[in-house]
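# Topology and contacts: notes
Chain residues, written in single-letter form:
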Amino acid sequence: LAKTTQPISMDSYEGQEVNITCSHNNIATNDYITWYQQFPSQGPRFIIQGYKTKVKNEVASLFIPADRKSSTLSLPRVSLSDTAVYYCLVGDDSNSGYALNFGKGTSLLVTP
Amino acid sequence: NAGVTQTPKFQVLKTGQSMTLQCAQDMNHEYMSWYRQDPGMGLRLIHYSVGAGITDQGEVPNGYNVSRSTTEDFPLRLLSAAPSQTSVYFCASSYNRDYKDTQYFGPGTRLTVL
């Protein structure tokens, strides 16, 4: 099970681009990288997933370098409603034991 | 589809009482799980199930029981509530126990044990 490390918290102003980096030095060949977002008083929800290079959807972009030992979630022009906790998960379907280790995530605060 | 539903939304118990948190999904997902989230903490896995009749322990299983008699339902039982079990409980489901599968979470149950 690949261990992930991400900042505990980040602050940003509205309209800025926010990049949250997740380190996963022992990522395995079959591991995917998945990001979830959790608003206060709600359950987490899926944002984006990737295996290598770049993935983009209507919410965010995910950048994965060639060595895949880290990944960066990019949120373009954040608004107050992007204030949330962001979780980076790394794994594949062969993990045994505990499934879906969410960890503490990165708490993003967006202010005017 | 209703997705993942949880009841109740809020619950207050006295120490020593027992109760069952309900979780149901209508997406025909095989994998279901329970997490607890304490203030300032991430999600910690309590129990999970990879299909009807199959359950296993997660990171923090003590004080909780689960069963999976149907694909749709995955109740979490608190045997004898303790103040340390005061938390927000989330149920989740996905097609498989696979990091590639999207996990769908319920709205949560906020439990207070006095």
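Because the structure is a prediction, the values reported are computed rather than measured.

### Things to note about the overall build of chain B
- A tally of regular secondary structure across chain B gives zero helices and eleven strands.
- Mapped in sequence order, the helices and strands of chain B form the string β-β-β-β-β-β-β-β-β-β-β.
- Over its C-alpha atoms chain B spans a radius of gyration of 13 Å, differing by no more than 12% from the 13 Å that the globule rule assigns to 114 residues.
- Taking the principal axes of its C-alpha atoms as reference, chain B extends roughly 35 × 30 × 25 Å.
- Expressed as a percentage of the 114 residues in chain B, the buried residues total 49%.
- Residue pairs at least 24 apart in sequence account for 54% of intrachain contacts in chain B once pairs closer than 6 positions are excluded.

### Section: the interface of chain B and chain A
- Listed as interface residues are 24 residues of chain B and, on the opposing side, 27 residues of chain A.
- Summed over both sides, the interface of chain B with chain A buries roughly 2,100 Å², with 55% coming from carbon and sulfur.
- The tally of links between chain B and chain A comes to zero salt bridges.
- Linking chain B with chain A are three residue pairs in polar contact (both at pLDDT 80 or more), by the criterion used here.
- The set of elements that each furnish at least two residues to the side of chain B that touches chain A consists of β4 (31–37) and β5 (43–51) of chain B.

### A few points about the pairing of strand β4 (residues 45–50) of chain A
- For strand β3 (residues 32–38) of chain A and β4 of chain A, the ladder comprises five bridges, and the chain directions are antiparallel. Paired with Q37 of chain A across the two strands is R45 of chain A, which belongs to β4 of chain A.

### Some remarks on the sheet that holds strand β8 (residues 76–78) of chain B
All names here are of chain B.
- What the four strands build is an open sheet, ordered β1-β3-β8-β7; its pairing is antiparallel. Since the sheet does not close on itself, it has two edges, and those belong to β1 (4–7) and β7 (64–66), each with one partner. Strand-to-strand twist of the sheet, defined as the mean angle between neighbouring strand axes without regard to direction, takes the value 20°.
- With three bridges joining them, β7 and β8 adopt antiparallel strand pairing. Bridge pairing in β8 links V66 to L76.

### Thoughts on the nonpolar core
- Membership of the largest hydrophobic core comes to 20 residues, with the highest contact counts inside it found for I33, W35, L73, L75 and Y86 of chain A.
- Elements that contribute at least two residues to this core include exactly β2 (18–23), β3, β4, β6 (61–64), β7 (70–75), β8 (84–91) and β9 (106–111) of chain A.
- Of the residues forming this core, the biggest block, four residues, is contributed by β8 of chain A.
- Filtering out sequence-adjacent residues up to four positions away, I33 of chain A remains in contact with H24, I27, I48, Q49, G50, L62, I64, R68, S71, C88, L89 and V90 of chain A.
- Counting 19 residues, the second largest nonpolar core, distinct from the first, contains V4, L13, M32 and Y64 of chain B.

### Considerations on the sheet that holds β8 of chain A
Residue and element names in this part refer to chain A.
- If you walk across this open sheet you meet the five strands as β1-β9-β8-β3-β4, and the pairing is mixed. Whereas interior strands pair on both sides, the edge strands pair on one side only; in this sheet they are β1 (9–13) and β4. Direction aside, neighbouring strands of the sheet carry axes that sit 25° apart on average.
- One ladder, built from seven bridges, connects β3 with β8; its direction is antiparallel.

### Concerning the side chain of Q103 of chain B
All names here are of chain B.
- One can find Q103 in the loop between β9 (87–94) and β10 (104–105).
- By relative accessible area, Q103 is classed as buried at 1%.
- At 2.6 Å, the side chain of Q103 forms a polar contact with the side chain of S94.

Cut-off values and rules
- Residues numbered from 1 in each chain as written.
- Chains lettered and ligands numbered in written order.
- Predicted model: local features only at pLDDT ≥ 70, side-chain atom pairs only at ≥ 80, totals over all residues.
- Heavy atoms only, no water.
- Helix = DSSP H or I, 4+ residues; strand = E, 2+ residues; numbered from the N terminus.
- Rg over C-alpha atoms; globule rule 2.2 N^0.38 Å.
- Buried < 20%, exposed > 50% of the residue type's maximum accessible area, 1.4 Å probe, protein only.
- Contact = heavy atoms within 4.5 Å.
- Buried area = accessible area lost by both parts, 1.4 Å probe.
- Salt bridge = Lys/Arg side-chain N within 4 Å of Asp/Glu carboxyl O.
- Polar contact = N/O pair within 3.5 Å; in protein donor to acceptor, adjacent residues only side chain to side chain.
- Pairing = 2+ DSSP bridges.
- Axes fitted to C-alpha atoms, helices over the stretch in contact; angles between N-to-C directions.
- Core = buried A, V, L, I, M, F, W, Y, C linked by side-chain atoms within 4.5 Å.

These figures come from the coordinates and say nothing about function on their own.
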